[in-house]
Amino acid sequence: MESVGVGIVGVGAFGRRHARVCAELAETRLVAACARRQKSLQPIRDGYGIHTTTDIEELVHLPDVDMVIVCTPDHAHTQAAVAAARAGKHVFVEKPMATSVADCDEMIRAARQNGVKLTVGQILRFDPRYWQAHERIVRGGLGHLVHMFARRNNPRRAAERAFGRTTPTFWLGAHDIDMFLWCARSEVKAVYAQQNTRLLAEEGGPDSVLALLTFADGTIAALETCWILPDGTPSSLDAVFEAVGTAGYLRVDASTDGLAVYGPEGVEYPRSVYSAEVAGRLMGALSEEVRYFARCILEDAPPLVSPEEGREVVRVACAIERSAAAGQPVEP
Ligand SMILES: NC(=O)c1ccc[n+]([C@@H]2O[C@H](COP(=O)([O-])OP(=O)(O)OC[C@H]3O[C@@H](n4cnc5c(N)ncnc54)[C@H](OP(=O)(O)O)[C@@H]3O)[C@@H](O)[C@H]2O)c1
């Protein structure tokens, strides 16, 4: 196999990005796409002239499809991931892997039983800023890790398609929970979270979730997630990661990607690290994570993000949800 044939399930905002990446990378071929409605598939059919279907089983059984990228909403990853594995296709599931540990286990079981690779789109692992922070921490550059802090907040406009279907913890926090676990290399033993709902009462809330995590080795971490920043907020994401150790301190400031554009309406901070057009192609962390997994398939190597790591993120996220609902500490 010289390149990996890809079928995409879910062609919303992020699935369309994946489609373009797969059409442009040398390691992948965009073969087919699936959504619930024909209307959603029209632009993909027109843009790429590929096979489209509203039937997941049809997509996963296409002989040219070697790998399936699952880009459905957070709660709806399992059906497509399991169908793909049972059809003998490698699976890339967008983050969070699922919204329950049982769903993660079902995917892992299906992948093992059918001998296919399974990975999760924990994109921070392919963001050079977070990668370097991780390297410094695990190589002991900060001494012993004492605490970590992460913020990941969206203005409403960036998240509202997810309101009522997922939560800030799964939608946003899944990124930083993975970063915490990847850096701490220790299990989360206790979680205490609080949430508040003032603006999103009709959508089922919450507006914000704050969580404190305690790891088995004593490291502590604090996570802030919120998706109701005002739409006048000039960046579509306000994200920060900090780590304090016995011998040092580091900070990733991802609240902008470094470009500020000033105009009559104010300032705008276009994003470029995850996925941006450069010289006519999408480049950035999204392209790199898809390329990496495609190469794992071509070279029969293990993925950078194992399914067990994706599952651990979901286990911690579920504990945050349980603690926030109960208003008291819980064990994951
Ligand atoms: N890594 C990152 O930085 C990042 C960024 C954004 C999103 N994501 C993740 O990517 C995933 C997709 O997010 P999105 O924003 O693209 O979602 P979205 O815009 O809501 O699109 C969802 C797509 O999935 C299809 N779909 C919905 N429910 C389905 C179901 N039950 N079965 C099959 N297909 C279904 C929809 O089909 P119809 O259009 O026909 O309804 C639509 O094409 C989420 O898990 C999200 O957390 C990751």
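First, a word on scope: everything that follows refers to the structure included in this document. (Residues numbered from 1 in each chain as written. Predicted model: local features only at pLDDT ≥ 70, side-chain atom pairs only at ≥ 80, totals over all residues. Heavy atoms only, no water.)

**Quick notes on the packing of helix α5 (residues 101–114) against helix α10 (residues 307–326)**
- For the pair α5 and α10, interaxial distance at closest approach is 9 Å and the crossing angle is 170°. Classified by the angle their axes make, α5 and α10 are roughly antiparallel. Packed against α5, whose contacting residues are Val101, Cys104, Asp105, Ile108 and Arg112, the element α10 presents Pro307, Glu308, Arg311, Val314, Arg315 and Cys318 at the interface.
- In the contact of α5 with α10, the residues fall into six nonpolar, no polar and five charged. (Axes fitted to C-alpha atoms, helices over the stretch in contact; angles between N-to-C directions. Helix = DSSP H or I, 4+ residues; strand = E, 2+ residues; numbered from the N terminus. Parallel < 35°, antiparallel > 145°, perpendicular 65-115°, else oblique. Contact = heavy atoms within 4.5 Å. Nonpolar A, V, L, I, M, F, W, Y, C, P; charged D, E, K, R; others polar.)

**Observations concerning the nonpolar core**
- Within the largest apolar cluster, 72 residues are counted, with the highest numbers of intra-cluster contacts made by Met148, Phe180, Leu213, Phe215, Phe241 and Ile320.
- Element by element, the count of residues in this core is highest for helix α8 (residues 168–184), at nine residues.
- Not counting chain neighbours up to four residues away, the residues in contact with Phe180 comprise Met148, Phe149, Ala150, Leu213, Phe215, Ala221, Ala222, Leu223 and Phe241.
- By size, the runner-up hydrophobic cluster in this structure holds 28 residues, among which are Val21, Ala35, Ile50 and Ile69. (Core = buried A, V, L, I, M, F, W, Y, C linked by side-chain atoms within 4.5 Å. Buried < 20%, exposed > 50% of the residue type's maximum accessible area, 1.4 Å probe, protein only.)

**Focus on the pattern of salt bridges**
- One pass over the structure, following the stated rule, counts 23 salt bridges.
- Put simply, Glu308 and Arg112 hold a salt bridge, and the shortest N to O gap is 2.9 Å. Of this pair, Glu308 sits in helix α10 while Arg112 is found in helix α5, placing the two residues 196 residues apart along the sequence.
- Here the salt bridges share partners, and the residues they tie into one network are Glu27, Glu288, Arg291, Arg295 and Glu299. (Salt bridge = Lys/Arg side-chain N within 4 Å of Asp/Glu carboxyl O.)

**Considerations on the packing of helix α6 (residues 128–138) against α8**
- Orientation of α6 relative to α8, taken along the N-to-C sense of each, is 25°, at an axis distance of 9 Å. Here α6 is positioned roughly parallel relative to α8, judged by the angle of their axes. Contacts between α6 and α8 pair Tyr130, Trp131, Ala133, His134, Ile137 and Val138 from the former with Asp176, Met179, Trp182 and Cys183 from the latter.
- Residue composition of the contact of α6 with α8, grouped by class: eight nonpolar, one polar and one charged.

**Brief notes about α10**
- Across its 20 residues, α10 extends 29 Å between first and last C-alpha, which sits within 8% of the 28 Å expected from 1.5 Å per residue.
- Immediately beyond the C-terminal end of α10, within one or two residues, lies Gly327, with a positive phi of roughly 70°. (Expected span 1.5 Å × (residues − 1).)

**Describing the packing of aromatic side chains**
- According to the stated counting rule, one finds six aromatic pairs in the structure shown.
- Here Phe163 and Trp227 contribute two aromatic rings whose centre-to-centre distance is 4.9 Å and whose plane-to-plane angle is 65°, an arrangement assigned as edge-to-face. Note that Phe163 is positioned in the loop between α7 (156–159) and α8 and Trp227 in strand β10 (residues 220–229), a separation of 64 residues in sequence. Comparing Phe163 with Trp227, the two get one shared label, buried.
- When the centroid spacing of 6.3 Å and the interplanar angle of 40° are considered together, the rings of Phe180 and Phe241 count as tilted. Taken as a pair, Phe180 in helix α8 and Phe241 in strand β11 (residues 238–245) lie far apart in primary sequence, 61 residues in all. In this pair, the class of Phe180 matches that of Phe241, namely buried. (Phe/Tyr/Trp six-rings, centres within 6.5 Å; stacked < 30°, edge-to-face > 60°.)

**Considerations on unusual backbone geometry**
- With an omega of -15°, the peptide bond running from Lys95 to Pro96 counts as cis.
- Relative to the elements of secondary structure, Pro96 occurs in the loop between β5 (90–94) and α5.
- Residue Pro206 follows Gly205 across a cis peptide bond; omega there is -10°.
- Within the element layout of this structure, Pro206 appears in the loop between β8 (188–196) and β9 (208–215).
- A positive phi is found at Ala279, a non-glycine position, where the angle reads about 50°.
- Within the secondary structure, Ala279 sits in the loop between β15 (276–278) and β16 (281–283).
- A positive phi angle, close to 50°, is found at Asp300, a residue other than glycine.
- Take Asp300: it is sitting in the loop between α9 (285–299) and α10.

By themselves, these observations are geometric and do not establish any function.
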